Amino acid sequence: AQAAPPEGQSAPAARHYQQALTLYQQRDYERAAEALKKAIELQPQFAEAHHLLGLVYFNGKKQPRAAVEEIQKALKANPRLPRASYDLALVYQTQGKTAEAEQALLRAIQVEPRDEEARLALAKLYEQDRAVDKAVPAYRDLLEVKPDHQAALYSLGYLLDSRGDHQQAADLLTRLLRAHAGDADAWYLLGRISEHGNDLERAAEAYRRAIAAKPD
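These lines cover the structure that appears in this document, whether it is placed above or below.

Scoring rules and cut-offs
- For every chain, the first residue of the written sequence is number 1, and numbering continues from 1 along that sequence.
- With pLDDT at 70 or above as the cut-off, local features in this predicted model cover only qualifying residues; side-chain atom pairs require 80 or more to be listed or tallied, and sums for whole chains, interfaces and linings still use all residues.
- Only hydrogens and water are set aside; all other atoms, that is, all heavy atoms of the structure, feed into the side-chain values.
- What counts as a helix is a DSSP run of H or I of at least four residues, what counts as a strand is a run of E of at least two, and both are numbered from the N terminus.
- Only protein chains enter the accessibility calculation, which uses a 1.4 Å probe; a residue whose area is less than 20% of its type maximum is buried, one above 50% is exposed, and one in between is partly exposed.
- Two residues qualify as a contact provided that any one of their heavy atoms is within 4.5 Å of a heavy atom in the partner residue.
- For our purposes a nonpolar core is just a set of buried Ala, Val, Leu, Ile, Met, Phe, Trp, Tyr and Cys residues, chained together by side-chain atoms within 4.5 Å.
- Aromatic contacts are taken between Phe, Tyr and Trp rings whose centres are within 6.5 Å, Trp giving its six-membered ring; a plane angle under 30 degrees counts as stacked, one over 60 as edge-to-face, and the others as tilted.

**Structural notes on the side chain of Glu102**
Alright, step 1. Assignment of secondary structure puts Glu102 in helix α6 (residues 98-111).
Alright, step 2. On the basis of relative accessibility, which here comes to 16%, the residue Glu102 falls in the buried class.
Alright, step 3. Excluding residues that lie within four positions of it along the chain, Glu102 makes contacts with Leu122, Leu125, Tyr126 and Lys134.

See the structure below:
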């Protein structure tokens, strides 16, 4: 994850931020944190600096609680800061805070409705929580944004098959395979659905394509 570039900040604070961004990219987390604290001291409501400091704490220093605090400060300063709500959700997920992660992802989508990563993360969150009735529409919403999204097509097909909607699942997998013909998992699942429907010829072809795509 990357924090957004600063806008409307004082020149000294912006210089510290840019220095910190370079250090962060070089994985020099200690010096990045020092530079960001200097930027924040000069400009306490510097949302991007709080956001990046949160990423330093999370990715570099492995301090998720401190990361949450900094990203929350970033969002307080600028509730529409790009990527901040998404990054906050990722931290919450590592802490096992599913409800908080869900709310953060919903805010990320509200800020940027076409954010594919946030939509996919939300759908996967529901799926992992076994909330199929929420996961299915979440994957459908993602497909409205990107109709050939490989992971969304597969996961939605898998969920629909698991709840007995075999034809809808097969249609989604066929759609996936038109765009991503080398997806072995999709071929295998299509084969299983076809076998379940007693279409043995189609099942055999799908299994053959699955093996060809992933020989091992």
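**Points about the nonpolar core**
Alright, step 1. Among the nonpolar cores identified, the biggest contains 71 residues, and Leu36, Leu52, Val56, Leu105 and Tyr139 are the most heavily contacted of them.
Alright, step 2. The greatest single-element share of this core, amounting to eight residues, is contributed by helix α3 (residues 47-60).
Alright, step 3. If we skip the residues at most four places from it in the chain, Leu105 touches Tyr86, Ala89, Ala118, Ala121, Leu122 and Leu125.

**Concerning unusual backbone geometry**
Alright, step 1. Here Lys62, not a glycine, exhibits a phi torsion of approximately 55 degrees, which is positive.
Alright, step 2. Position of Lys62 among the secondary structure elements: in the loop between α3 and α4 (64-77).
Alright, step 3. In this model, Asn198 sits at a positive phi of 65 degrees, which is unusual for a non-glycine residue.
Alright, step 4. Considering the arrangement of structural elements, one finds Asn198 in the loop between α11 (184-196) and α12 (200-213).

**A short note on the environment of Tyr57**
Alright, step 1. Along the polypeptide, Tyr57 turns up in helix α3.
Alright, step 2. Tyr57 gets classed as buried once you look at its relative accessible area, which sits at 10%.
Alright, step 3. Linking Tyr57 and Ala104, residues 47 residues apart in sequence, is a C-alpha distance of 18 Å.
Alright, step 4. Setting aside residues no more than four positions away along its own chain, Tyr57 makes contact with Lys37, Lys62, Gln63, Ala66, Ala67 and Glu70.

**Description of the packing of aromatic side chains**
Alright, step 1. Per the stated rule, a full pass over the model turns up four aromatic pairs.
Alright, step 2. Ring centres 6.4 Å apart and planes at 25 degrees place the aromatic pair Tyr154 and Tyr158 in the stacked group. Linking Tyr154 with Tyr158, this pair stays in helix α9 (residues 150-162), spanning four residues, or about one helical turn.
Alright, step 3. Looking at Tyr154, the relative accessible area reads 24%, which means it is partly exposed.
Alright, step 4. Classification of Tyr158 by relative accessible area gives partly exposed; the value is 36%.
Alright, step 5. Taken together, a centroid distance of 5.7 Å and an interplanar angle of 45 degrees make the contact between Tyr188 and Tyr207 tilted. Linking Tyr188 in helix α11 with Tyr207 in helix α12, this pair joins segments that are 19 residues apart in sequence.

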